[in-house]
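The chain contents come next:
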Amino acid sequence: MNDLFICKCEKRMQVISTTGRMFHVLYLCCLLIGLSATVKAQWYDVTKYGAVGDSTTDNTKAIQRAIDDCAATGGKVYFPAGRFLTATLYLKSNVTLHIAAGATILGNTDTKQYPYQDAGIRFYGDEWARQSLIFCKDQQNVGIEGRGTIDGQGASFVITTIKKPDRYRNRPYLLWFVNCKNVKVRDVTLRNSAFWMQHYLCCEYVWIDGLHIWNHSNKNNDMMDIDGCRNVHISNITGDSDDDGITVKSTSPRITENVTISNCVISSHCNALKLGTESTGGFRNIVVSNCVIKPSAQLSTIYGLPAGNSGISLEMVDGGIMENITINNIVIDGPQVPLFVRLGNRARPHIKGAPVPAPGRAKNIHLSNITATGADATGCSISGIAKAPVENVSLEHIYIETKAAAKVDLQAPVVEKEEEYPEATMFGNLPAYGFFIRYAKDVRLSDITLRAPAAETRPGIVVHNTAQFTLNGLDAQTTAATPAAVYISNSKNGSVTNSRNAYPAQRHLLQDGASVNIQTDATTR
């Protein structure tokens with residue numbers, strides 16, 4: 001009797017267990033079906049809204065309807081293979097444009113189809129830079145992704161005047177994000193803007209990753225401009241531009257800060273990696289690492305040179321601050337000037353009626369592990385002004401090789417040009433073929449190797465009007481006609497030690513009578 005009862009209980013438990021498992025399986029199936037339907041519902045195919053990828057049909061309204069519907073639920077607007085002509089599109093919160101391989105968003109060539117936008121933020125340029133192919137203002141959780149292309153057909157926007165600022169008008173950006181949060185642009189190809197390729201103005205939490213960029217169709221063809229943004233990550237970019245490359249700006253009082261730039265291959269006819277020129281708020285906490293700067297594949301130029309004007313330019317001329325800048329592991333092949341650090345005093349207000357900015361501050365700038373080849377005869381410079389020296393600058397493990405020589409009078413003054421637009425070549429050929437340092441405080445150079453053609457007779461390093469400096473481990477190629485490997489003038493409290501090579505220069509170190517407290521060791525004497 002007990003055995004029969006136990007047997008019946010076990011059978012009932014098996015039935016209950018089996019029923020339970022079936023219930024869970026059915027529940028999971030329903031859940032997966034529901035999730036599948038939800039995911040499917042979050043994709044909005046532009047062709048379902050009437051968009052035609054024939055490169056001639058104006059798809060602006062159809063694509064915008066897809067974006068608007070997607071914004072109601074969140075999700076992705078899908079562009080299949082085809083060439084979709086459009087004018088200004090307004091990207092909205094929780095929407096990502098997914099551009100599939102073989103798909104191109106093609107910019108309309110009629111400037112009248114690009115309405116003027118109000119950024120809602122006063123910045124230098126807000127009176128004339130007011131149009132964009134894709135515009136996104138005051139939105140969050142937005143993105144652009146995929147293996148497709150966005151092509152602005154920028155050469156179609158003809159400039160009819162050289163007058164400023166009229167020559168900047170009616171040329172739209174390709175991408176313009178203003179006051180947005182959580183922005184992700186990744187993997188797409190961006191081509192042929194009429195103006196800057198992409199402008200991120202006062203945004204927070206920005207990821208720009210894996211882009212292929214080609215911008216050689218018009219004037220002012222920057223690769224990208226990060227302007228007054230915070231918490232920005234730029235990585236894995238392969239880009240080639242006529243104007244500046246990866247550019248960090250501050251065209252309003254908003255500082256650009258907490259920016260990382262890594263693993264990029266950059267080509268520019270002008271400045272491959274640049275902080276400035278506009279510096280109203282300034283730049284803080286910028287880290288650049290593991291990048292290659294190389295000559296452009298585009299040999300004809302609008303501005304600059306095929307190999308570029310400068311590799312790295314750090315410029316402060318409109319007030320603001322530049323501090324906590326670290327640049328490491330960089331290869332620079334070809335630009336005229338590998339490294340240019342400039343604190344000037346152009347003092348341009350960012351808008352009409354704004355106060356004239358006081359001279360800015362530049363400090364805590366650290367460059368290391370840089371190899372530069374193919375430079376011309378200009379020389380690199382670290383240059384402040386008398387009332388605002390550059391402070392706390394270190395250069396470590398630097399190799400620079402120039403391909404041209406110049407003859408410069410070592411005693412001739414280098415014109416200061418305090419109020420002029422900053423360019424790496426602004427001073428002409430410098431008195432040093434390696435580094436010219438002027439109006440600086442607390443400068444440290446360590447393990448610096450300089451190579452030049454046999455005809456080069458300038459010193460490797462010239463230090464002028466500088467206090468608290470150390471030159472340690474210098475290896476500078478010289479000739480018997482070189483007056484000195486290092487020349488120091490009107491400077492104080494410095495040291496030159498552990499020099500590895502300066503022969504056959506006439507002397508290792510030459511200092512003028514105004515320089516005081518310059519320490520040397522046996523390798524320098």
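Nothing here was measured: the structure is a model prediction, and the numbers come from that model.

**What to know about the nonpolar core**
Working step 1: Counting 123 residues, the largest nonpolar core has Ile 144, Phe 177 and Phe 435 as its most contacted members.
Working step 2: Per element, the largest residue contribution to this core is 8 residues, and it comes from strand β31 (residues 435–451).
Working step 3: Leaving out residues up to four positions away in the same chain, Phe 435 has contacts with Leu 339, Cys 380, Leu 395, Ile 398, Ile 400, Leu 445, Ile 448, Leu 450, Gly 460, Ile 461 and Val 462.
Working step 4: Counting residues in each nonpolar core, the second largest holds 14 residues, with Ile 121, Tyr 168, Trp 196 and Leu 201 among its members.

**As for the side chain of Asn 218**
Working step 1: Mapping Asn 218 onto the fold places it in the loop between β16 (212–215) and β17 (224–227).
Working step 2: Overall, the relative accessible area of 6% leaves Asn 218 in the buried class.
Working step 3: Here the side chain of Asn 218 touches Gly 154 through a polar contact of 2.9 Å, landing on its backbone oxygen.
Working step 4: Side-chain polar atoms of Asn 218 contact the backbone oxygen of Phe 157, separated by 2.8 Å.
Working step 5: With near-sequence residues (within four places) excluded, Asn 218 lies in contact with Gly 154, Phe 157, Ile 159, Arg 171, Ser 193, Ala 194 and Ile 302.

**Overview of empty space enclosed by the protein**
Working step 1: Within this structure, the stated rule accounts for 2 cavities of 30 Å³ or more.
Working step 2: Taken together, Tyr 114, Leu 133, Gly 152, Phe 157, Pro 172, Tyr 173, Leu 174, Asn 192, Ser 193 and Ala 194 form the lining of the largest cavity.
Working step 3: By residue class, the composition of the lining of the largest cavity is 7 nonpolar, 3 polar and no charged.
Working step 4: In this structure, the second largest cavity occupies an estimated 30 Å³ of space.
Working step 5: Surrounding the second largest cavity, Leu 339, Val 341, Leu 367, Ser 381, Ile 382, Leu 395 and Phe 435 form its lining.
Working step 6: Where the lining of the second largest cavity is concerned, the elements lending two or more residues are β27 (337–343) and β29 (380–383).

**Focus: the side chain of Asn 192**
Working step 1: Mapped onto the elements of the fold, Asn 192 is located in the loop between β13 (189–191) and β14 (198–201).
Working step 2: Reaching out from Asn 192, the side chain makes a polar contact with the side chain of Asp 151 at a distance of 3.3 Å.
Working step 3: Not counting residues up to four positions away in its chain, the partners in contact with Asn 192 are Asp 151, Gly 152, Gln 153, Gly 154, Met 197, Trp 214, Asn 215 and Ser 217.

**Examining the environment of Glu 423**
Working step 1: Topologically, Glu 423 is positioned in the loop between β30 (390–402) and β31.
Working step 2: A relative accessible area of 27% means that Glu 423 is categorised as partly exposed.
Working step 3: The residues contacting Glu 423, other than those within four sequence positions of it, are Asn 271 and Phe 340.

**Focus on the pairing of strand β9 (residues 140–145)**
Working step 1: Note: strand β6 (residues 95–99) against β9, 3 bridges, orientation parallel. In the strand pairing of β9, Leu 97 is matched with Ile 144.
Working step 2: As paired elements, β9 and strand β12 (residues 181–186) share 4 bridges and run parallel to each other. Within β12, the position partnered with Ile 144 by the bridge is Val 185.

**Digging into unusual backbone geometry**
Working step 1: Cis geometry marks the peptide bond from Lys 164 to Pro 165, where omega comes out at -5°.
Working step 2: Locating Pro 165 in the fold gives a position in the loop between β10 (149–151) and β11 (173–178).
Working step 3: Gly 276 connects to Thr 277 through a cis peptide bond whose omega is 5°.
Working step 4: Positive phi values are uncommon outside glycine, yet Asn 170 reaches one of about 60°.
Working step 5: One can find Asn 170 in the loop between β10 and β11.
Working step 6: Residue Asn 490 is not a glycine yet carries a positive backbone phi of 50°.
Working step 7: Tracing the backbone shows Asn 490 in the loop between β33 (486–489) and β34 (492–497).

**Here we look at the packing of aromatic side chains**
Working step 1: Scanning the entire structure with this criterion turns up 14 aromatic pairs.
Working step 2: Taking 6.3 Å as the distance between ring centres and 70° as the angle between the ring planes, the aromatic pair formed by Phe 123 and Trp 176 counts as edge-to-face. You can see Phe 123 sitting in the loop between β7 (103–107) and β8 (132–137) and its partner Trp 176 sitting in strand β11, a full 53 residues away along the chain. The two residues Phe 123 and Trp 176 agree in class, both being buried.
Working step 3: An aromatic cluster is present here, built from Tyr 90, Phe 123, Tyr 124, Trp 128, Phe 135, Tyr 168, Tyr 173, Trp 176, Phe 195 and Trp 196 joined pairwise through their rings.
Working step 4: It is Lys 184 that lies over the ring of Trp 207; its NZ or CZ is 5.4 Å from the centre.

**Focus on helix α2 (residues 60–73)**
Structural remark: α-helix, 3.6 residues per turn; residues separated by three or four positions point the same way.
Working step 1: End to end, α2 covers 21 Å across 14 residues, agreeing with the expected 20 Å (1.5 Å per residue, within 8%).
Working step 2: Those residues of α2 that are buried are in contact with β1 (43–45), β2 (54–58), β3 (75–79), β4 (82–86), β5 (89–90) and β6.
Working step 3: Backbone geometry just after α2 places Gly 74 at a positive phi near 85°.

**Examining the layout of surface pockets**
Working step 1: The volume enclosed by the largest pocket comes to roughly 690 Å³.
Working step 2: Together, 30 residues line the largest pocket, and Tyr 168, Asn 220, Asp 243, Glu 278 and Tyr 421 are the ones closest to its centre.
Working step 3: If you tally residues by element for the lining of the largest pocket, the top one is strand β23 (residues 271–279), at 4 residues.
Working step 4: Grouping the constituent residues of the lining of the largest pocket by class yields 12 nonpolar, 7 polar and 11 charged.

**Details of the pairing of β23**
Regular strands show a simple pattern: their side chains alternate between the two faces of the sheet.
Working step 1: Buried residues dominate β23, accounting for 9 of its 9 residues.
Working step 2: As judged from the 4 bridges shared by strand β20 (residues 246–250) and β23, these two strands associate in the parallel manner. Paired with Val 248 across the bridge in β23 is Leu 275.
Working step 3: Sheet topology places β23 next to strand β25 (residues 310–316); 4 bridges connect them, and they run parallel. Bridging across to β25, Asn 271 finds its partner in Ser 310.

**Notes on the confidence of the model for the protein chain**
Working step 1: Residues with a pLDDT of 70 or more make up 92% of the protein chain, whose mean pLDDT is 93.
Working step 2: Taken together, the stretch residues 1–20 has pLDDT below 50 and engages in 0 contacts with residues farther than four places along the chain or on a different chain.
Working step 3: Low pLDDT, under 50, characterises residues 22–41; the stretch is placed with 0 contacts to residues that sit more than four places away or in other chains.

Thresholds applied
Counting starts from 1 at the beginning of each chain's written sequence and moves along it residue by residue. For this predicted model, a pLDDT threshold of at least 70 governs which residues receive local features, and a threshold of 80 or more governs which side-chain atom pairs are given and counted, while totals over whole chains, interfaces and linings are taken from all residues. Water and hydrogen atoms play no part in the side-chain values, which are based on all heavy atoms of the structure. For our purposes a nonpolar core is just a set of buried Ala, Val, Leu, Ile, Met, Phe, Trp, Tyr and Cys residues, chained together by side-chain atoms within 4.5 Å. The buried label goes to any residue with under 20% of its type's maximum accessible area, the exposed label to any with over 50%, and the partly exposed label to all in between, with areas taken from a 1.4 Å probe on protein chains only. To qualify as a helix, a DSSP run of H or I must reach at least 4 residues; to qualify as a strand, a run of E must reach at least 2; elements of each kind are numbered from the N terminus. In this analysis, two residues are considered to be in contact whenever any of their non-hydrogen atoms come within 4.5 Å of each other. Contacts described as polar in this section are N or O atom pairs within 3.5 Å, which, within protein, must combine one atom able to donate a hydrogen with one able to accept it, while residues neighboring in sequence count only if both atoms come from side chains. Points on a 1 Å grid, built from protein atoms alone, make a cavity when a 1.4 Å probe fits but cannot get out and make a pocket when they are open with protein on both sides within 12 Å along at least 5 of 7 lines; residues with an atom within 4 Å of a point are the lining residues. Grid points are joined across faces, edges and corners, and a volume is the space filled by probe spheres set on the points. Charged means Asp, Glu, Lys or Arg here, nonpolar means Ala, Val, Leu, Ile, Met, Phe, Trp, Tyr, Cys or Pro, and polar covers whatever is left, Gly included. Pairing between two strands is assigned when DSSP locates at least 2 bridges connecting them. Aromatic contacts are taken between Phe, Tyr and Trp rings whose centres are within 6.5 Å, Trp giving its six-membered ring; a plane angle under 30 degrees counts as stacked, one over 60 as edge-to-face, and the others as tilted. Comment: the charge-over-ring label is applied if NZ (Lys) or CZ (Arg) is within 6 Å of the ring centre and within 35 degrees of the ring normal. Working rule for helices: expected span equals 1.5 Å times residues minus one. Looking at any residue, its pLDDT shows the predictor's confidence there, from 0 to 100.

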